[in-house]
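Here's the letter readout for the chains.
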Amino acid sequence: MAKYRHRLPQCRDGLFLTDGGMETTLIFQEGIDLPHFASFVLLGSADGRARLERYYETYLTIAREQRTGFVLDTPTWRANADWGARLGYDAAALRAVNLAAVELLAPLRARWESPDMPCVFNGAIGPRGDGYKSSAIDADEAEAYHRPQIEAFAASEVDMVTAYTLTSVGEATGIARAAKAAAMPCVISFTVETDGRLASGGVLGDAIEAVDAATDASPAYYMINCAHPAHFEHALSADAPWMRRVQGVRANASTKSHAELDDSTTLDAGDPADLGRRYRALRQNYPTMRVLGGCCGTDHRHVAEIGRACVGFAAVAV
């Protein structure tokens, strides 16, 4: 049974950490082959499941030591129809793998959660296409496309779903509608380019307002991920009403553009301490940002620095 589905604790107060860049950590640091950046393929073997457990426990340890909450994501960012088909997974196999991810992580939550460390169980969803490129998918198509994965999570003990690395209002709207139909709390996380705009050229605030208008503001909140703070800091505004809807950040370690990262054969881990300081500034300026973690190039070092820099501001979140 889902524990927090009807009252997400990160929407009220406190600081919640997440993991870092799972795929880049597993590929570049552990030397694991993840075809199409699909970490869910590891669920198919005992060794793969053990690697995933060790990965998550590294971050759960940080959250426990820093006395924060934690948002525990399933390794299912690529577990949707088009990406699954490239890897030989049909609809039934994808439903099974999404539920297998839940089965792997449910005992982890049971072991690690405590009154000092609420652990929210999150079903991770990715875009239909490339998260670095503009998507032309419309809301109706996106709703139908993402519905099976969302319904699989709705049938499990997952508390919520988060759609990461989205580049278009249409896909975000469709996902939000599918989640609402399944009675699942939903978070929409947009990615932006180095100019702080979506890949389509759209303005972040306009995108959030458009999704809210099309869905009766059904997403629980919004996030920004897969971009360095230097890329989007100037696009934020404390005075803008939409800014209160942004409650989380999972930034990249590198200041490189998406195109540069796509062409990279080595990992740019950036500066963990500097990233922590940038998150601290974000928390000071935007105290509704309660969910903090990493994306491409980040690992446990970055998340630990983020926690150390920001945990003192958890009490002033509004």
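Only a predicted model underlies this, so the values are computations on that prediction, with no experimental measurement involved.

S.K.: Please set out the sheet that holds strand β2 (residues 69-73) residue by residue, giving values where relevant.
M.R.: The 8 strands lie next to each other as β1-β2-β3-β4-β5-β6-β7-β8, forming a closed barrel whose pairing is parallel. Sheet topology places strand β3 (residues 119-125) next to strand β4 (residues 160-166); 4 bridges connect them, and they run parallel. Looking at β4, one finds that Ile125 is bridged to Ala163. With respect to the sheet, helix α4 (residues 91-112) is in contact with β2 and β3, its orientation differing from that of β3 by roughly 160°. Sitting on the sheet, helix α5 (residues 139-154) touches β3 and β4, and the angle it makes with β3 is about 160°.

S.K.: I'd like a rundown of the pattern of salt bridges, residues and numbers included.
M.R.: Taken as a whole and assessed by the stated rule, the structure comprises 18 salt bridges. One salt bridge connects Asp82 with Arg128, and the closest N-O pair in it is separated by 2.7 Å. Of the two residues, Asp82 is situated in helix α3 (residues 81-86) and Arg128 in the loop between β3 and α5; the sequence distance between them amounts to 46 residues. Here Asp82 falls in the partly exposed class, since its relative accessible area comes to 28%. Salt-bridge contacts for Asp140 lead to Arg177; the nearest nitrogen and oxygen are separated by 3.4 Å. Placement of the pair is Asp140 in helix α5 and Arg177 in helix α6 (residues 169-181), with a sequence separation of 37 residues.

S.K.: Please provide a residue-by-residue account of empty space enclosed by the protein, values included.
M.R.: Per the counting criterion, the structure on display carries 1 cavity of 30 Å³ or more. What the largest cavity holds in volume is close to 40 Å³. Lining the largest cavity, in full, are Val192, Glu193, Thr194, Cys226, Ala227, His228, His231, Asn252, Lys256, Ser257 and His258. The class makeup of the residues in the lining of the largest cavity is 3 nonpolar, 6 polar and 2 charged.

S.K.: Could you give me a rundown of helix α7 (residues 204-215), with the residues and numbers involved?
M.R.: A rise of 1.5 Å per residue sets the reference length of α7, with its 12 residues, at 16 Å; its end C-alpha atoms lie 17 Å apart and thus fit the reference within 8%. Contacts from the buried residues of α7 go to α6, β5 (186-190), β6 (221-225) and β7 (246-251). In the segment just after α7, Asp216 is the residue with positive phi, at about 55°.

S.K.: Got a sec to walk through helix α2 (residues 46-66)? Specific residues and values, please.
M.R.: Taking 1.5 Å as the rise per residue, α2 with 21 residues should run 30 Å; its terminal C-alpha atoms sit 31 Å apart, in good agreement. At its buried positions, α2 is contacted by β1 (16-17), α1 (22-29), β2, α4, β3 and α11 (300-310). Looking one or two residues beyond α2, the residue adopting positive phi is Arg67, at roughly 55°.

S.K.: Outline the nonpolar core, listing residues and values.
M.R.: One finds Tyr56, Phe70, Ile188, Phe190, Leu204, Leu236 and Met289 to be the most contacted residues of the largest nonpolar core, which totals 76 residues. Considering every element that reaches this core, the biggest residue donor is α4, with 9 residues. Setting aside anything within four residues of it in sequence, one finds Leu236 in contact with Leu204, Ile224, Trp242, Met243, Leu282, Tyr286 and Met289. If you look at the next biggest cluster of nonpolar residues, it comprises 10 residues, including Tyr4, Val71, Met223 and Val291.

S.K.: Quick rundown of the environment of His258? Include the residues and the values.
M.R.: Here His258 shows up in helix α9 (residues 258-262). On the accessibility criterion, His258 (5% relative accessible area) is buried. Spatially, the C-alpha atoms of His258 and Glu193 are 7.0 Å apart, while their sequence positions differ by 65 residues.

Rules used throughout
Residues numbered from 1 in each chain as written. Predicted model: local features only at pLDDT ≥ 70, side-chain atom pairs only at ≥ 80, totals over all residues. Heavy atoms only, no water. Pairing = 2+ DSSP bridges. Helix = DSSP H or I, 4+ residues; strand = E, 2+ residues; numbered from the N terminus. Contact = heavy atoms within 4.5 Å. Axes fitted to C-alpha atoms, helices over the stretch in contact; angles between N-to-C directions. Salt bridge = Lys/Arg side-chain N within 4 Å of Asp/Glu carboxyl O. Buried < 20%, exposed > 50% of the residue type's maximum accessible area, 1.4 Å probe, protein only. 1 Å grid on protein atoms, 1.4 Å probe; cavity = no way out; pocket = protein on both sides within 12 Å on 5 of 7 lines; lining within 4 Å. Points joined across faces, edges and corners; volume = space filled by probe spheres on them. Nonpolar A, V, L, I, M, F, W, Y, C, P; charged D, E, K, R; others polar. Expected span 1.5 Å × (residues − 1). Core = buried A, V, L, I, M, F, W, Y, C linked by side-chain atoms within 4.5 Å.

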